[in-house]
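These are the residues of each chain, in order.
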Amino acid sequence: MNSIARHKTLRSLLLLSLLFSSAAFTLGQEQPLRSITYRLSMSRPLSHLFEVRIEVELPEGPPPKSIDFQMPKWSPGRYASFDFAKNVQQFEALGGICPSGAQCKMPSFPVSRVDDQTWRVATMNTHRLTIRYKVFGNDLSGTFSQLDSRHANFNGGSIFMYLVNHKQDPVSLSITPPPGWKIVNGRIDRKDQTEWQFSNWDILIDTPTEIAADLTVDEFQVDGKLYRVMVHSFGDEGGKRAALVRDIEKIVRAETAMWGPPELDSYTFLIHFAADDHSGDGMEHLTSTQIIEPGALGEDGVYGSALDTVAHEFFHVWNVKRLRPVELGPWDFTRPANTRGLWIAEGLTNYYGHLMMRRAGIWDDTRFFRTESQTVTGIENALGSHLMSAEESSLLAPFLDGAPHAQRTNLANTSISYYPKGELIGLVLDLLIRGKTGGKASLDDVMRRMYDEFYLKSPNATYYLRGRGYTNEDFLRVASEVSGSDFSDFFQRYVSGVEILPYDEALAFVGMHLVRGQAREPFNAGIGIDWEKTDKLTIGSVRNDSPAEDAGLQEGDQIVSLGRKNISRENWLVTLARYKQGDRVPITVKRDRRTIQTTIVLREPERFEYRIEERKDATAAQKGLRAIWLKG
Ligand SMILES: [Zn+2]
Ligand SMILES: [Zn+2]
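Keep in mind that what you see is a predicted model, and the values were worked out from it rather than measured.

Student: Any chance you could explain the overall build of the protein chain here in plain terms?
Tutor: In terms of helices and strands, the protein chain carries 17 helices and 28 strands. The C-alpha atoms of the protein chain give 26 Å as radius of gyration, which agrees with the globular expectation for 632 residues (26 Å, within 12%). A principal-axis box enclosing the C-alpha atoms of the protein chain has dimensions of 80 × 65 × 55 Å. Per-residue burial over the protein chain gives 56% buried out of 632 residues. Looking at the protein chain alone, contacts between residues at least 24 apart form 70% of all its contacts between residues at least 6 apart.

In structure tokens:
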């Protein structure tokens, strides 16, 4: 099947699944329960076991025979399935609810496991039940949870089951932290808070929470809203925390200058400096974000990287958390979500995150254009750019967004990410709108109109959140209306299609153009290294139709020598760069228990480096338009 046919099949499958899931959703709504209370404790942090209790009170009248408790297969913001149920243990059901602090003897109720994510509890004709289970969590991330001697950091989707057909019911949460540990999340409204009410389970799991003894919290206010910056450092901060908080405030000011004050009373940045070289993430929520940097704040580059993530995640307060694709909330947690809109939700957020670093004054023009140039270089060198559109990439997020693959795939050659592709669509679209309207309108206006129309002014389409979601067609319509130009052709070619974006047409409006040059690394012969395998030099991917493929190299091969010299992760490219086009380079690899010797015949470089540069003939008017764009 070629990519176009595959695309069509995916779309029809998507339509079918939407029909079924919305029907199930309507039928599945039942009378709300009297109360659903989650109690979380962590008496043995070293075991990495979160202890969860769910107390359920049923309404009067005959109770149902049984209630299903379900662990979600995935959680919002990360689109791959992770099957959180795999870390659940010791699930049990008890008749009654024991007042907190009391010792009660409650009868055990029958439990059957219905499928890989569902536990069915018999109600035995009673109206009060308690469920207990433990969840193992030892990953510091925006999706999973971690409990250890240093802290508890949890993302609700990975630890809290929902009651099937009652996800829309109000729930409450009570946390018993270890002695001396403080609780911080994005819904704190009083000191030493340990209890919360949520309008539904979706909001409960949208409230990631950090609990530790040695975290720090700094605060500032913008437009009368309170912003908290929680930092938990596992390495040396190098005295940089105060400056970090000041720069975060600059980002908040730059983004609220575009959108207006956000619809919230307070917002919390939960930031970890993990100092473990592998934990790294950023995850958006309605009133908070989780940001995890693999380094220590005091180390080179970590400070800037954290701010870059802050600029991206805070933009999500509007784009994706409130203004959202129609498929994003409420969700069916028995299967991954499919949406065509992630190039808007994530890609445009990437674009604006970088633009806001410039508008906040943290980056200068040079740094901003260097970042966009690197994004162009990545996209234009990727074979997948010719095969996968921004829309299709969005749909395939469950395969792409950190998804583990048990079988080998050719995704390195066939896919692109909706993050950089969407970022470049944003860049080009913004400049085209600015250029065509002589600076009277911009993508900023499109985003604000979308927010107004689909969030602020739309009636609630579901229990989950205000407003309704948009489709790609809605976005096209608003972009066309705001700019006074029909963007249907643009969408057809660059969003649904895989044509190369009209960079120069767009950049010309601000007196710039794209320059293609030799990549600094002229040859990699089509070999992509698996950098996660730190002990060996392992091939992570082989570019289709490349010298490496001609030489018979495969993913998983360990490179032993190149040009008869032993090589390492550090020197392999330098070694290869000593050769020139047409040279025959002997290479030895280990595959399983075999040692294979073959020859790479180098061709002309396949990779180019792209730079966005000022045109010599840039006019004052074009430079003026550029300044307005970059300063906001
Ligand atoms: Zn922590
Ligand atoms: Zn994002």
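Student: Can you help me understand the coordination of the zinc ion (ligand 2) in this one?
Tutor: Octahedral six-donor coordination of a metal ideally yields angles of 90 or 180 degrees, compared with 109.5 degrees for tetrahedral four-donor coordination. Distances from the zinc ion (ligand 2) to its protein donors, His312 (NE2), His316 (NE2) and Glu346 (OE), fall at 1.9 to 2.0 Å. Looking at His312, the relative accessible area reads 9%, which means it is buried.

Student: Whenever I open this one, the packing of aromatic side chains confuses me. Can you help?
Tutor: Centre distance and the angle of the planes are the two values used to describe a pair of aromatic rings. For the structure on display, the rule yields 40 aromatic pairs. Ring centres of Phe154 and Phe160 lie 5.7 Å apart, and the angle between their planes is 85 degrees; this geometry places the pair in the edge-to-face category. By the burial criterion, Phe154 is buried, and Phe160 matches it. A ring pair is formed by Trp259 and Tyr451, whose centres lie 5.5 Å apart and whose planes are at 65 degrees; its orientation type is edge-to-face. Highlighted residues: Trp259 in helix 3 (residues 241–259) and Tyr451 in helix 11 (residues 443–456), separated in sequence by 192 residues. The burial state of Trp259 is the same as that of Tyr451; both residues are buried. Aromatic rings pair up to connect Phe220, Tyr227, Trp259, Tyr267, Phe269, Phe314, Phe315, Trp318, Tyr351, Tyr352, Tyr451 and Tyr455 into one cluster. Here Arg150 stacks its cationic end above the ring of Phe234, 3.9 Å away from the centre of that ring.

Student: Which parts of the structure should I look at to understand the coordination of the zinc ion (ligand 1)?
Tutor: Summarising the metal site, the zinc ion (ligand 1) is bound by the protein donors His151 (ND1), Glu210 (OE), Glu210 (OE), His232 (ND1) and His272 (NE2), whose distances to it range over 2.0 to 2.8 Å. Each donor residue of the zinc ion (ligand 1) lies on one chain, and together they are spaced H-x58-E-x21-H-x39-H. Here His272 lies in strand 18 (residues 266–273) and His151 lies in strand 10 (residues 151–154), a separation of 121 residues in the sequence. What makes His151 buried here is its relative accessible area of 0%. Under the relative-accessibility criterion, His272 is labelled buried at 0%.

Student: What's the story with the confidence of the model for the protein chain in this structure? I'm lost.
Tutor: Residues shown with low pLDDT carry predicted positions that ought not to be read at fine detail. For the protein chain, per-residue confidence averages 94 on the pLDDT scale, and residues scoring 70 or more make up 95% of the total. Considering only residues more than four positions removed or in separate chains, one finds that residues 1–28, a stretch of pLDDT under 50, has 20 contacts.

Student: Help me understand a negative patch on the surface in this model?
Tutor: A cluster of acidic residues, Asp236, Asp277, Glu299 and Asp300, forms a negative patch on the protein surface. Mapped onto the elements of the fold, Asp277 is located in the loop between strand 18 and strand 19 (281–284).

Student: Explanation requested: the sheet that holds strand 25 (residues 565–566) in the structure shown.
Tutor: Strand pairs in the sheet, formed through backbone hydrogen bonds, run parallel or antiparallel to each other. An order of 25-24-26-27 is seen for the four strands of this open sheet, with the pairing classed as antiparallel. What marks the edges here is a single partner per strand, and that holds for strand 25 and strand 27 (594–601). Note that strand 26 (residues 584–591) and strand 27 share eight bridges and pair antiparallel. Following the sheet pairing, Ile587 is matched in strand 27 by Thr598.

Student: Which parts of the structure should I look at to understand the pattern of salt bridges?
Tutor: Opposite charge on two side chains makes pairing possible when the charged atoms of those side chains draw close. Using the criterion set out here, one finds 45 salt bridges in the structure. Measuring nitrogen to oxygen at the nearest pair gives 3.7 Å for the salt bridge that ties Arg449 to Glu453. Taken together, the residues span about one helical turn, with Arg449 and Glu453 both in helix 11 at a distance of four residues. Asp452 is paired through a salt bridge with Lys457; the nearest N and O atoms lie 2.7 Å apart.

Student: Honestly, the sheet that holds strand 6 (residues 111–115) in this entry has me stumped. Any pointers?
Tutor: Read across the open sheet, the four strands follow the order 6-7-3-11; overall the sheet is antiparallel. Each edge of the open sheet is held by one strand with a lone partner, namely strand 6 and strand 11 (162–163). Strand direction decides the pairing type here: strand 3 (residues 66–70) and strand 11, joined by two bridges, are antiparallel. Note that in strand 11 the partner of Phe69 across the bridge is Leu163.

Student: Whenever I open this one, the pairing of strand 16 (residues 216–222) confuses me. Can you help?
Tutor: Across seven bridges, the pairing between strand 16 and strand 17 (residues 225–233) is antiparallel. Along strand 17, the bridge assignment pairs Val222 with Lys225. Linking strand 16 to strand 17, which pair antiparallel, is a turn of two residues; within it Asp223 sits at a positive phi near 55 degrees.

Student: Is there a simple way to explain helix 11 in this structure?
Tutor: Three- or four-residue spacings in an α-helix give side chains the same orientation, since the helix completes a turn every 3.6 residues. With 14 residues, helix 11 extends 18 Å from end C-alpha to end C-alpha; this agrees with the ideal 20 Å at 1.5 Å per step. Every buried residue belonging to helix 11 is among Leu443, Asp444, Val446, Met447, Met450, Tyr451, Phe454 and Tyr455, and all of these are buried. Each buried residue of helix 11 lies within a common arc of 160 degrees when the element is viewed along its axis, so the set occupies one face. Of the surrounding secondary structure, the elements contacted by the buried residues of helix 11 are helix 3, helix 5 (342–359), helix 10 (418–436) and helix 12 (472–483). Here helix 11 starts with a cap whose side-chain oxygen sits 3.1 Å from the backbone nitrogen of Asp444, and that cap is Ser442.

Student: Would you take a moment to explain the packing of helix 6 (residues 365–381) against helix 10 for this structure?
Tutor: When two helices pack together, their arrangement is given by the angle between the helix axes and the distance between those axes. It is at 10 Å that the axes of helix 6 and helix 10 come closest, and there the two elements cross at 125 degrees. One finds that helix 6 runs oblique with respect to helix 10. Every pair of crossing elements has a handedness; the one defined by helix 6 and helix 10 is left-handed. Here Glu372, Thr375, Val376 and Ile379 of helix 6 lie close against helix 10, whose contacting residues are Pro420, Lys421, Glu423, Leu424 and Leu427. Taken together, the residues that form the contact of helix 6 with helix 10 break down as five nonpolar, one polar and three charged.

Calculation rules
- Within each chain, residue numbers correspond to sequence positions counted from 1 in written order.
- Chain A is the first chain written and ligand 1 is the first ligand written, with later ones labelled in order.
- Given that the model is predicted, a residue must reach a pLDDT of at least 70 before its local features are reported, and side-chain atom pairs must reach 80 or more before they are shown or counted; all residues, however, enter totals for whole chains, interfaces and linings.
- In computing side-chain properties, one takes all heavy atoms of the structure into account and sets aside hydrogens as well as water.
- By definition, any uninterrupted DSSP run of H or I lasting at least four residues is a helix, any uninterrupted run of E lasting at least two residues is a strand, and each is numbered from the N terminus.
- Radius of gyration: C-alpha atoms only; globule rule: 2.2 Å multiplied by the number of residues to the exponent 0.38.
- Between buried and exposed lies partly exposed: a residue is buried under 20% and exposed over 50% of the maximum accessible area for its type, with that area taken using a 1.4 Å probe on protein chains only.
- Contact criterion: two residues are considered in contact whenever any of their non-hydrogen atoms come within 4.5 Å of each other.
- In this description, a donor is an N, O or S atom within 2.8 Å of the metal centre, a cutoff extended to 3.2 Å for sodium, potassium and calcium. Water is not part of the atom list, which can make sites seem incomplete.
- Any two rings among Phe, Tyr and Trp, with Trp reduced to its six-membered ring, count as a pair given centres within 6.5 Å; such a pair is stacked if its planes are under 30 degrees apart, edge-to-face if over 60, and tilted if neither.
- Only lysine NZ and arginine CZ atoms are considered, and such an atom sits over a ring when it is within 6 Å of the ring centre and within 35 degrees of the ring normal.
- Confidence per residue, as judged by the predictor, is encoded in pLDDT with a range of 0 to 100.
- A patch consists of residues whose relative accessible area exceeds 30% and which take part in no salt bridge; residues with like charges are grouped when within 9 Å of each other, and nonpolar side chains (Val, Leu, Ile, Met, Phe, Trp, Tyr) when within 5 Å.
- Each accessible area is a Shrake-Rupley estimate made with a 1.4 Å probe; only the visible protein chains count as cover when residues are assessed.
- Within this document, salt bridges are pairs made up of a side-chain nitrogen of Lys or Arg and a carboxyl oxygen of Asp or Glu, the two lying within 4 Å of each other.
- Only four residue types enter the tally: Lys and Arg on the positive side, Asp and Glu on the negative side; His and the chain ends are excluded.
- Charge positions come from single atoms, namely NZ of Lys, CZ of Arg, CG of Asp or CD of Glu.
- In this description, strands pair whenever DSSP reports at least two bridges between them.
- Under the convention used throughout, the expected extent of a helix is 1.5 Å for every residue step, that is, one less than its residue count.
- Here the arc refers to the directions that run from the helix axis out to each C-beta atom.
- Distance and chemistry together define a polar contact, namely a pair of N or O atoms within 3.5 Å, with one atom able to donate a hydrogen and the other to accept it when in protein, and with adjacent residues in sequence counting only for side-chain atoms on both sides.
- Axis definition: a line fitted to C-alpha atoms, over the contacting stretch in the case of helices. Angles run 0 to 180 degrees between N-to-C directions.
- These descriptions rest on fixed angle ranges, namely under 35 degrees for roughly parallel, over 145 for roughly antiparallel, 65 to 115 for roughly perpendicular, and the rest for oblique.
- Here is the rule for handedness: rotate from the far helix to the near one, and if that takes an anticlockwise turn smaller than a right angle the crossing is left-handed, while a clockwise turn gives right-handed.
- The classification used treats Ala, Val, Leu, Ile, Met, Phe, Trp, Tyr, Cys and Pro as nonpolar, Asp, Glu, Lys and Arg as charged, and all other residues, Gly among them, as polar.

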